[in-house]
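# Working through the structure, step by step
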Amino acid sequence: QALEKAQKMRSERKEIREKLKSGAMALGEVLANDGDEVMGKMRVAYLLASLPRVGKTTAKKVMEDIGIDESRRVQGLGTRQKDALLARFPRR
């Protein structure tokens, strides 16, 4: 059962990443749904690297500038950190 749940979570995260990359979903939607199990447990670096024209290096630099630990998950972000991310990536 645990393996099935893990596989389901991975496939749902993949769908979210694809929606972000294509522009069908915005960063704000993911940050607003941090209570959702799939979105909340996604690592912030993984999330940012899914945005259009943002790779691992840019994601890492932005997280360092804002003061977000590289192992932080979406559900662990504070209000100021979310606001800073939305200011840095408007309409993405």
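Reference entry: report on the structure contained in this document. (Residues numbered from 1 in each chain as written. Predicted model: local features only at pLDDT ≥ 70, side-chain atom pairs only at ≥ 80, totals over all residues. Heavy atoms only, no water.)

## Brief notes about the overall build of the chain
- Broken down by element type, the chain carries six helices and zero strands.
- Walking the chain from its N terminus toward its C terminus, one meets helices and strands in the order α-α-α-α-α-α.
- With the C-alpha coordinates aligned to their principal axes, the bounding extent of the chain is approximately 40 × 25 × 25 Å.
- Out of the 92 residues belonging to the chain, those deemed buried represent 32%. (Helix = DSSP H or I, 4+ residues; strand = E, 2+ residues; numbered from the N terminus. Buried < 20%, exposed > 50% of the residue type's maximum accessible area, 1.4 Å probe, protein only.)

## Focus: the nonpolar core
- Counting residues in each nonpolar core, the largest one holds 23 residues, and the members touching the most others are Ile-16, Leu-27, Leu-47, Leu-48, Leu-85 and Phe-89.
- When contributions to this core are tallied by element, the ones reaching two or more residues are helix H1 (2-22), helix H2 (27-32), helix H3 (37-40), helix H4 (44-48) and helix H5 (56-66).
- Ignoring sequence-local partners within four residues, the contact set of Phe-89 consists of Leu-27, Leu-48, Leu-51, Val-54 and Val-62. (Core = buried A, V, L, I, M, F, W, Y, C linked by side-chain atoms within 4.5 Å. Contact = heavy atoms within 4.5 Å.)

## Examining the packing of aromatic side chains
- A complete count under the given rule lists zero aromatic pairs for this structure.
- Sitting over the face of the ring of Tyr-46, Arg-17 holds its NZ or CZ atom 4.1 Å from the ring centroid. (Phe/Tyr/Trp six-rings, centres within 6.5 Å; stacked < 30°, edge-to-face > 60°. Lys NZ or Arg CZ within 6 Å of the ring centre and 35° of its normal.)

## Examining H5
- Within H5, burial applies to Ala-59, Val-62 and Met-63. One face of H5 carries all of its buried residues, which in axial projection span an arc of 100°. In H5, the exposed residues that point more than 90 degrees away from the buried face are Thr-57 and Glu-64.
- Buried residues along H5 sit against H4 and helix H6 (79-88). (Arc of directions from axis to C-beta.)

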